[in-house]
Amino acid sequence: MRAHTPTIGLCRIKVRAHDNPRQQFQNYSTVTFVVYQRLRPSEPNYSPNIGAEGGVHIQFILDHYNDLPLQTVFMTDDHNRHDKRIVDWMACLKPEVNYVPFTMNRLRQTGPWMGEAAPRAALVEQCWRNILDVFGASAAAVEPRVPPRVAYYQGSYFMASRAQLWRHPRSTYARAHALFAGGDGRCHAGELGLSLIHI
């Protein structure tokens, strides 16, 4: 296997956060950018324009699974809107760090989310439960019929290490991808699991 260098993809998922992200930096390394585009299917690094950022993130993992870099920073092309120093921070990551959020604004919400009407909020909750199930974490979900409480870093800019991403086999990411850009844009088909969702 050839030598790895930290890589950035235009790519959003969630792993375990450190208590104090500022302690995870030191002057290190080089950076390679991998930019995905959603306009020209016949050109390199194409990802269908469905599944939001999650579709691209998971596609990057699938595309590079056997040769992932030591660390991958997932971000979008308008990163200056969230953090004007993110590129500077990337060069300072310690190689042993497994996860670091690249925004400090931590948000917390309880459903319905983002002011959505109940039917859409029910679908959002169902999709979250589907993703947890793909990664074998459905037991970590809230109890059935209880409104989920969701905490995340605004913008979902983060670094995940190769070791962290390799905790799941490629087949797991392929299943997740089918719910995002690898499918038809629907993270759930059929009836909602009304015995589980809280609405």
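Look up a bit, the structure's there.
Described below are features of the structure shown in this document. This is a predicted model, so every value here is computed, not measured.

It is worth spelling out the state of the cysteines at this point. A complete count under the given rule lists one disulfide for this structure. With a sulfur-sulfur separation of 1.6 Å, Cys127 is cross-linked through a disulfide to Cys187. Across the disulfide from Cys127 to Cys187, rotation about the S-S bond amounts to roughly 60°, and the bridge is consequently right-handed. Here Cys187 lies in the segment after helix H5 (170-178) and Cys127 lies in helix H3 (residues 118-134), a separation of 60 residues in the sequence. Accessibility expressed as a relative area gives 8% for Cys127, which makes it buried.

Further remarks concern the nonpolar core. Formed by 20 residues in total, the largest nonpolar core has its most connected members in Phe60, Ile61, Phe74, Leu165 and Tyr173. If you list the elements that add at least two residues to this core, you get helix H1 (52-64), strand E7 (158-161) and H5. With five residues, the top contributor of residues to this core is H1. If you look at the next biggest cluster of nonpolar residues, it comprises eleven residues, including Trp89, Met90, Leu93 and Val100.

Our focus in this paragraph is the packing of H1 against H5. Interaxial distance between H1 and H5 falls to 9 Å at its minimum, and their mutual angle equals 150°. For the element pair H1 / H5, the angle class is roughly antiparallel. Crossing of H1 over H5 shows left-handed handedness. Side by side, H1 and H5 meet where Gly55, Ile58, Gln59, Ile61 and Leu62 of the first sit next to Arg170, Tyr173, Ala174, Ala176 and His177 of the second. Class assignment for the residues of the contact of H1 with H5 results in six nonpolar, three polar and one charged.

Quick notes on the rules
Residues numbered from 1 in each chain as written. Predicted model: local features only at pLDDT ≥ 70, side-chain atom pairs only at ≥ 80, totals over all residues. Heavy atoms only, no water. Disulfide = S-S within 2.5 Å. Helix = DSSP H or I, 4+ residues; strand = E, 2+ residues; numbered from the N terminus. Buried < 20%, exposed > 50% of the residue type's maximum accessible area, 1.4 Å probe, protein only. Core = buried A, V, L, I, M, F, W, Y, C linked by side-chain atoms within 4.5 Å. Axes fitted to C-alpha atoms, helices over the stretch in contact; angles between N-to-C directions. Parallel < 35°, antiparallel > 145°, perpendicular 65-115°, else oblique. Left-handed = near helix turned anticlockwise from the far one by under 90°. Contact = heavy atoms within 4.5 Å. Nonpolar A, V, L, I, M, F, W, Y, C, P; charged D, E, K, R; others polar.

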